[in-house]
Amino acid sequence: MKEHGSFEIKLVGQVLVVKAYDAWNLETVLRLCDECSHLISQIKDEPWATIVDLSCWELGTPDIWKPVEELNAWANDKNYKYQAVIISFNLQETMLKKTHEVLTHTEKKFCKDTDEAFRWLSDAGIQILK
């Protein structure tokens, strides 16, 4: 099946930055998980973080959540310490809290924009090279 929705992903120091667009299906989230795991494997063995910008995202099909939970569980054992999430509506926060349950070593914060997210991570001591 063809992907619905899209994303941008990049590594900024010890921060994986993901920006999501439109509504997603399973194919899109599988590619995201593959690209995230590839980039995470390149991160130094130091604490690292993500900024997940959902301000342009419209949710997705119910089958997208299992791969996200699996990626989070895998990342949890890879020194994943902080997750900053930017949301545009409360339902996104409600849906994400379920996937956060496996992140037992990760501090999470919902932010209003990327500037707030980068400030929070910098204050936490995460290496950020902008």
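Source: prediction; values computed, not measured. (Residues numbered from 1 in each chain as written. Predicted model: local features only at pLDDT ≥ 70, side-chain atom pairs only at ≥ 80, totals over all residues. Heavy atoms only, no water.)

Some thoughts on the overall build of the chain
The number of helices and strands found in the chain is four helices and five strands. In the chain, the succession of helices and strands from N to C terminus is β-β-α-β-α-β-α-β-α. In summary, the chain has a C-alpha radius of gyration of 14 Å against a globular reference of 14 Å for 130 residues, a match within 12%. Considered along the principal axes of its C-alpha atoms, the chain spans approximately 40 × 30 × 25 Å. (Helix = DSSP H or I, 4+ residues; strand = E, 2+ residues; numbered from the N terminus. Rg over C-alpha atoms; globule rule 2.2 N^0.38 Å.)

A short note on the pairing of strand 4 (residues 80-86)
Within strand 4, six of the seven residues are buried, which leaves it mostly tucked inside the rest of the structure. Strand direction decides the pairing type here: strand 3 (residues 48-60) and strand 4, joined by six bridges, are parallel. Looking at strand 4, one finds that Thr-50 is bridged to Gln-83. Following the chain from strand 3 across helix 2 (residues 65-76) to the adjacent parallel strand 4, one finds a crossover that is right-handed. Across five bridges, the pairing between strand 4 and strand 5 (residues 107-111) is parallel. Within strand 5, the position partnered with Gln-83 by the bridge is Lys-108. (Buried < 20%, exposed > 50% of the residue type's maximum accessible area, 1.4 Å probe, protein only. Pairing = 2+ DSSP bridges. Right-handed = clockwise from strand over helix to strand, strands pointing away.)

Here we look at the sheet that holds strand 3
Strands sit in the order 1-2-3-4-5 across an open sheet of five strands; the sheet is mixed. With partners counted over all chains shown, the strands left at the sheet margins are strand 1 (6-12) and strand 5, one partner each. Strand after strand, the sheet turns through a mean of 15 degrees between neighbouring axes, direction not considered. Where strand 2 (residues 15-24) and strand 3 come together, eight bridges link them in parallel fashion. Within strand 3, the position partnered with Tyr-21 by the bridge is Cys-56. With respect to the sheet, helix 1 (residues 26-40) is in contact with strand 1, strand 2 and strand 3, its orientation differing from that of strand 1 by roughly 5 degrees. (Axes fitted to C-alpha atoms, helices over the stretch in contact; angles between N-to-C directions. Contact = heavy atoms within 4.5 Å.)

Re helix 1
An ideal rise of 1.5 Å per residue puts 21 Å on 15 residues; helix 1 measures up with 21 Å between its terminal C-alpha atoms. For helix 1, the complete set of buried residues consists of Thr-28, Val-29, Leu-32, Cys-33, Cys-36, Leu-39 and Ile-40. Angularly, the buried residues of helix 1 cover 135 degrees about the axis, an arc narrow enough to put them on a single face. Of the exposed residues in helix 1, the ones pointing more than 90 degrees away from its buried face are Asp-34 and His-38. On its buried face, helix 1 sits against strand 1, strand 2, strand 3 and helix 2. (Expected span 1.5 Å × (residues − 1). Arc of directions from axis to C-beta.)

Don't take any of this as a statement about function, it's just geometry.
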